[in-house]
Amino acid sequence: MARMVNENDCGEETQSPEPQGPGRGAARWGPQHAGARELANLYSPGKRCQEWISVILCFSLMAFNFIHLLANFHLGHSWSILLGIVAGILTADFASGLVHWGADTWGSVDLPIFGKAFIRPFREHHIDPTAITRHDFIETNGDNCMLTIIPLANMAFNFLTLSPAEIYHIYSWYCYLFALGIFVTLTNQIHKWSHTYFGLPRWVVFLQDCHIILPRKHHRIHHVAPHETYFCITTGWLNYPLEKLGFWRSVEDLIQGVTGEKPRADDLKWAQKVK
Ligand SMILES: [Zn+2]
Ligand SMILES: [Zn+2]
């Protein structure tokens, strides 16, 4: 299959073969792409409401838990805290890859409710990668906030009900869970920054340059059609090892062997919707 870099937000690496067959001359990507316009129109007021509620609940719980983690901090925990944080970030990176791969590769926008609400943004993102840079804070972070509400609420409940001695024993585990929660919550914000080439705060660029969060150049590898590798979008730390292991390809072969479903069939269908 012809490979192309379909991201046009950097002014570089935007070369691709000429459009072939029907649809020649129509927009191949970007906001004018017919599929991108249709997908953008599927963003509904009900979905917007779900995102607002998710963001408010998630950030309130996060602040509550952070205060309680600080209040229960002991210096003796230092190494296990560090280990917990690194493990939490790695888990978040893997989870981002798994969810992203699942949505890109399987499922369809036509699935009832779920398709329009949760698969749609992934389809839109491949054919209009810069759309994410025009999404506000709520649209960018709403879905990820929803994912972490229940674990964060559970942690908050435990801070209120457990004794200080019990909290002392599970403190490192909670650091792991909190780092996991923070990085899962911020994954799409980090992803948005990886597509933003102008006006990023200096500290964000610094974190990208140090590869503490997903660097811009690193994420471009995923945006080469047919979008079959580098799915991890939190820090991207696991992309290289998973690619070397042929991890995603192996799971796809297994699923295709069992179900007969072709990976990325729905993604390809939307990409070809040029009229
Ligand atoms: Zn993707
Ligand atoms: Zn992207």
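Being a predicted model, the structure only gives us computed values, none of them experimental. (Residues numbered from 1 in each chain as written. Chains lettered and ligands numbered in written order. Predicted model: local features only at pLDDT ≥ 70, side-chain atom pairs only at ≥ 80, totals over all residues.)

Caption draft 1: Structural context of the overall build of the protein. Summing up its helical and strand segments, the protein has 12 helices and zero strands in all. Classification of the 275 residues of the protein by burial places 34% in the buried group. The long-range share in the protein, meaning contacts at least 24 apart out of those at least 6 apart in sequence, stands at 72%. (Helix = DSSP H or I, 4+ residues; strand = E, 2+ residues; numbered from the N terminus. Buried ≥ 20, exposed ≤ 12 C-beta atoms within 10 Å, placed from the backbone. Contact = placed C-beta atoms within 7 Å.)

Caption draft 2: Molecular detail of the nonpolar core. In terms of nonpolar packing, the biggest core is built from 32 residues, with Cys58, Cys175, Leu177, Ala179, Leu180, Phe183 and Ile190 touching the most fellow members. At the level of secondary structure, the elements contributing two or more residues to this core comprise helix H2 (45-71), helix H3 (78-105), helix H6 (137-161) and helix H7 (164-194). No other element matches the 12 residues that H7 contributes to this core. Not counting residues within four places of it along the chain, the set of residues in contact with leucine 177 comprises Gly88, Pro151 and Met155. (Core = buried A, V, L, I, M, F, W, Y, C linked by C-beta atoms within 7 Å.)

Caption draft 3: Fine view of the UniProt feature "transmembrane region" (unreviewed entry) in the protein. As recorded in UniProt, the feature "transmembrane region" (unreviewed entry) lies at residues 52-70, 82-103 and 167-186. Here residues 52-70 is 100% helix and 0% strand, with 27 Å between the C-alpha atoms at its ends. (UniProt positions renumbered as here; feature names shortened; annotations may be inferred.)

Caption draft 4: Examining unusual backbone geometry more closely. The residue after alanine 225, namely proline 226, is reached through a cis peptide bond having omega 10°. Along the chain, proline 226 falls in the loop between helix H9 (216-220) and helix H10 (239-245). We note that tyrosine 230 has phi near 55°; this positive angle belongs to a residue other than glycine. Among the structural elements, tyrosine 230 can be located in the loop between H9 and H10. Given 24 C-beta atoms within 10 Å, tyrosine 230 falls into the buried group.

Caption draft 5: Inspection of helix H4 (residues 114-127) at higher detail. A rise of 1.5 Å per residue sets the reference length of H4, with its 14 residues, at 20 Å; its end C-alpha atoms lie 20 Å apart and thus fit the reference within 8%. Along H4, the positions that sit buried rather than exposed are Ile119, Arg120, Pro121, Phe122, Arg123, Glu124, His125, His126 and Ile127. (Expected span 1.5 Å × (residues − 1).)

Caption draft 6: Molecular detail of the environment of glutamine 32. Its place among the elements puts glutamine 32 in the segment before helix H1 (34-41). Counting along the chain gives 96 residues from glutamine 32 to aspartate 128, while the straight-line C-alpha distance between them is 8.5 Å.

Caption draft 7: Layout of the packing of H2 against H6. Their axes nearest at 6 Å, the elements H2 and H6 cross at an angle of 40°. With respect to H6, the element H2 is oriented oblique. When the axes of H2 and H6 are compared, the crossing they make is left-handed. Class assignment for the residues of the contact of H2 with H6 results in 16 nonpolar, seven polar and three charged. (Axes fitted to C-alpha atoms, helices over the stretch in contact; angles between N-to-C directions. Parallel < 35°, antiparallel > 145°, perpendicular 65-115°, else oblique. Left-handed = near helix turned anticlockwise from the far one by under 90°. Nonpolar A, V, L, I, M, F, W, Y, C, P; charged D, E, K, R; others polar.)

Caption draft 8: Just the packing of H2 against H7, in detail. Direction vectors running N to C along H2 and H7 enclose 150°, while the axes themselves pass 11 Å from each other. Judged by the angle between their axes, H2 and H7 are roughly antiparallel. Handedness of the H2/H7 crossing: left-handed. Contact residues: H2 offers Cys58, Met62, Asn65 and Leu69, while H7 offers Tyr174, Phe178, Gly181, Ile182 and Thr185.

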